[in-house]
Amino acid sequence: MPGTEQVQQRAGRAGRSGRRNGWAAEAGVFLVVAFVAAGLCGAVQPATGIPPEVVQLTQSGPAVAVAAVALLWPGRIRDRLAGTLPTRERTGGTAARRAALLLTPVLIIALCAGGSLLTSGSLPVTGPQAFAHPVVLVLAAQLLGACAEEIGWRCHLQPLLRTRFGPVTASALVGVAWGLWHVPVFTHEPAYAAGFLLATTAMSVILGLALEGVRSNRLLLAGGFHTLVNLGMLYVTDETAAATAPMLILGAACLAAALPWLAATRRAAQSAPDRITDATAHGVR
């Protein structure tokens, strides 16, 4: 008969194996519920009278999916959502990364504006008075909607996939899922959908790399980035219109903005072995 210690070791190995093998089921449940909930919310929005430029109810789909996962795996969801809200974490070197993250949407919108000027000779700026709602209401609703999405994409699915993949691969996979989740986009011509999918994948890579190792306030950081991009699309450019050229410009702008993040990540990865070697050479263990 095996001893108590052997039984405990086997149980521990089985538990770890179950957690490793359970990531696909957790991701599958999250994605199915996110898609279904978004579809149902989109179907009822016309009856609510809430204008889509203020907030789209479909954005609550990922938040509903997180709630579904929490019901099935309450222990796991606590681990996944660690760092979602503000804590007393010492920011250290992440402070500059956070600032860079929130400045990146400005770069994306500036590149979109430049692309629009080059291709069409005009910039379709929309004034706040064009909407029948106060700017403050639009800002608050956009942030709320963005956070409802990001608690699912960047606060749950990203940490989940990071248990199986590297930061770039996990971020790209989340970006593809995020893009496919916007089902109505794929009713347009293929080039339009391709531009949108490129944009979501590139933005997801930016967010994934920027939030790598950040253990506090992830939701507000991701939601702030998302909100700034949405506001830029709403007021400064016309990517929200069903036109192919602006959407391709958005995709290219997001890709260009992602390149510095990828380069910085690659430099950090290359310098890590050098730091370890130097520490070992000086007797640091």
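What you are looking at is a predicted structure, and each value in this text was computed from that prediction instead of being measured. Here, residues in each chain are numbered from 1, in the same order as that chain's written sequence. Totals for whole chains, interfaces and linings use every residue, but because this is a predicted model, local features are given only for residues with pLDDT of at least 70 and side-chain atom pairs only at 80 or more, for both listing and counting. The side-chain numbers reported here are obtained from all heavy atoms of the structure, hydrogens and water having been left aside.

Participant: Give me the packing of helix H2 (residues 23-48) against helix H6 (residues 135-162): which residues, what numbers.
Facilitator: The geometry of H2 relative to H6 is characterised by a closest axis approach of 10 Å and an angle of 160 degrees between their N-to-C directions. Of the possible angle classes, the one that applies to H2 and H6 is roughly antiparallel. In the packing of H2 onto H6, the handedness of the crossing is left-handed. Of the residues in H6, those touching H2 at Trp23, Glu26, Ala27, Phe30 and Leu31 are Gly152, Trp153, His156, Leu157, Leu160 and Leu161. Ten residues, namely Ala, Val, Leu, Ile, Met, Phe, Trp, Tyr, Cys and Pro, are considered nonpolar, four, namely Asp, Glu, Lys and Arg, are considered charged, and the remaining ones, Gly among them, are considered polar. The residue makeup of the contact of H2 with H6, split by class, is eight nonpolar, two polar and one charged. Axis geometry follows a simple rule: fit a line to the C-alpha atoms, using only the stretch in contact for helices, then measure angles between N-to-C directions, giving values from 0 to 180 degrees. Only DSSP runs of H or I covering at least 4 residues are called helices, and only runs of E covering at least 2 are called strands; the numbering of each starts at the N terminus. Note that the term roughly parallel is reserved for angles under 35 degrees, roughly antiparallel for angles over 145, roughly perpendicular for angles of 65 to 115, and oblique for everything else. Note on convention: the crossing is left-handed when the near helix lies turned anticlockwise from the far helix by less than a right angle, right-handed when the turn is clockwise. Contacts between residues were defined by any pair of non-hydrogen atoms, one from each residue, lying within 4.5 Å.

Participant: An account of the nonpolar core is needed here, citing residue identities and associated values.
Facilitator: Leu101, Ile108 and Leu157 are the most contacted members of the largest nonpolar core, which totals 47 residues. Of all elements in the fold, only H2, helix H3 (61-72), helix H5 (94-120), H6, helix H7 (167-181), helix H8 (190-210), helix H9 (218-235) and helix H10 (244-281) reach the threshold of two or more residues within this core. The element best represented in this core is H8, accounting for 11 residues. If near-sequence neighbours (up to four positions away) are discounted, leucine 101 is found in contact with Ile206, Leu207, Ala210, Leu211, Leu221, Phe225 and Trp261. Counting residues in each nonpolar core, the second largest holds five residues, with Phe131, Val138, Leu234 and Tyr235 among its members. Residues grouped as a nonpolar core are buried Ala, Val, Leu, Ile, Met, Phe, Trp, Tyr and Cys residues, joined through side-chain atoms within 4.5 Å. A simple rule labels every residue: compare its accessible area, found with a 1.4 Å probe on the protein chains alone, to the largest value its type can have, and call it buried under 20%, exposed over 50%, or partly exposed in between.

Participant: Describe a nonpolar patch on the surface, naming the residues involved and giving the relevant values.
Facilitator: A grouping of Val32, Phe35, Val36, Leu40, Val176, Leu180, Val183 and Phe186 is seen on the molecular surface, where their side chains present a nonpolar patch of about 670 Å² in accessible area. Put simply, the parts of the chain that give the nonpolar patch at least two residues each are H2 and H7. Here the nonpolar patch takes four residues from H2, the largest share from any one element. Here valine 36 is to be found in helix H2. Note on patches: the residues involved have over 30% relative accessible area and no salt bridge, like charges join within 9 Å, and the nonpolar side chains Val, Leu, Ile, Met, Phe, Trp and Tyr join within 5 Å. Only the protein chains shown count as cover for residues, and the accessible areas themselves come from Shrake-Rupley with a 1.4 Å probe. The working definition used for a salt bridge is a side-chain nitrogen of Lys or Arg within 4 Å of a carboxyl oxygen of Asp or Glu.

Participant: Before we move on, could you go through the layout of surface pockets and cite the residues and values that matter?
Facilitator: Its boundaries defined by the atoms lining it, the second largest pocket holds a volume of some 250 Å³. The pocket and cavity definitions rest on a 1 Å grid over protein atoms only: a 1.4 Å probe that fits but cannot leave marks a cavity, an open set with protein on both sides within 12 Å along at least five of seven lines marks a pocket, and residues lining either have an atom within 4 Å of a point. Forming the boundary of the second largest pocket are 14 residues, of which Pro159, Arg162, Gly213, Val214 and Arg218 lie nearest the centre. Those elements that provide at least two residues to the lining of the second largest pocket are helix H4 (74-80) and H6. Broken down by element, the lining of the second largest pocket gets its largest block of residues, three residues, from H6. Grid points are joined across faces, edges and corners, and a volume is the space filled by probe spheres set on the points.

Participant: Tell me about the pattern of salt bridges, residues and numbers included.
Facilitator: Here the structure, examined in full by the defined rule, presents four salt bridges. In this structure, glutamate 26 and arginine 76 form a salt bridge, with 3.4 Å as the shortest nitrogen-oxygen distance. One end of the pair, glutamate 26, is in helix H2; the other, arginine 76, is in helix H4, and 50 residues separate them in sequence. You'll find glutamate 26 and arginine 76 in the same group, each marked buried. Linking arginine 154 and glutamate 150 is a salt bridge whose minimum nitrogen-to-oxygen distance equals 2.7 Å.

Participant: How would you sum up the side chain of arginine 80? Please name residues and give values.
Facilitator: Along the polypeptide, arginine 80 turns up in helix H4. Within the local environment of arginine 80, its side chain forms a polar contact with the side chain of glutamate 26, the two groups lying 3.1 Å apart. Setting aside residues no more than four positions away along its own chain, arginine 80 makes contact with Glu26, Cys155, His156, Pro159, Leu160 and Thr163. Definition of a polar contact: a pair of N or O atoms within 3.5 Å, with one able to donate and the other able to accept a hydrogen when the atoms are protein atoms, and with sequence-neighbouring residues admitted only if both atoms are side-chain atoms.

Participant: Could you give an account of the packing of aromatic side chains, naming the residues involved and the relevant values?
Facilitator: What describes a pair of aromatic rings is the distance from one ring centre to the other and the angle between the planes of the rings. Aromatic pairing here means that ring centres of Phe, Tyr or Trp (its six-membered ring) are within 6.5 Å. Orientation follows from the plane angle: under 30 degrees is stacked, over 60 is edge-to-face, and everything else is tilted. Here the structure, examined in full by the defined rule, presents three aromatic pairs. With a centroid separation of 5.5 Å and 85 degrees between ring planes, the pair formed by phenylalanine 30 and tryptophan 153 is classed as edge-to-face. Residue phenylalanine 30 is located in helix H2, and its partner tryptophan 153 is located in helix H6; the two are separated by 123 residues in the primary sequence. Overall, the relative accessible area of 0% leaves tryptophan 153 in the buried class.

Participant: Got a sec to walk through the environment of proline 134? Specific residues and values, please.
Facilitator: Among the secondary structure elements, proline 134 is positioned in the loop between H5 and H6. The class for proline 134 is exposed, based on a relative accessible area of 53%. Considering only alpha carbons, one finds proline 134 and valine 54, 80 residues apart in sequence, at a separation of 9.7 Å.

Participant: I'd like to hear about the packing of H6 against H9, residue by residue, with values.
Facilitator: Look at H6 against H9: their axes get within 7 Å of each other, and the N-to-C directions meet at 130 degrees. Judged by the inter-axis angle, H6 sits oblique to H9. Helix-helix and strand crossings are classified by hand; for H6 and H9 the assignment is right-handed.

Participant: Kindly report on H2, identifying the contributing residues and their values.
Facilitator: The span expected for a helix works out to 1.5 Å for each residue beyond the first. The end-to-end C-alpha separation of H2 is 36 Å, in line with the 38 Å expected for 26 residues at 1.5 Å each. Along H2, the positions that sit buried rather than exposed are Glu26, Ala27, Phe30, Ala34, Ala37, Ala38, Cys41 and Gln45. Along its buried surface, H2 packs onto H3, H4, H6 and H7.

Participant: Break down H9 for me, citing the residues and quoting the values.
Facilitator: Look at H9: 26 Å from first C-alpha to last across 18 residues, which is about the 26 Å you get at 1.5 Å a residue. Burial analysis of H9 places 16 of its 18 residues in the buried class, the great majority of the element.

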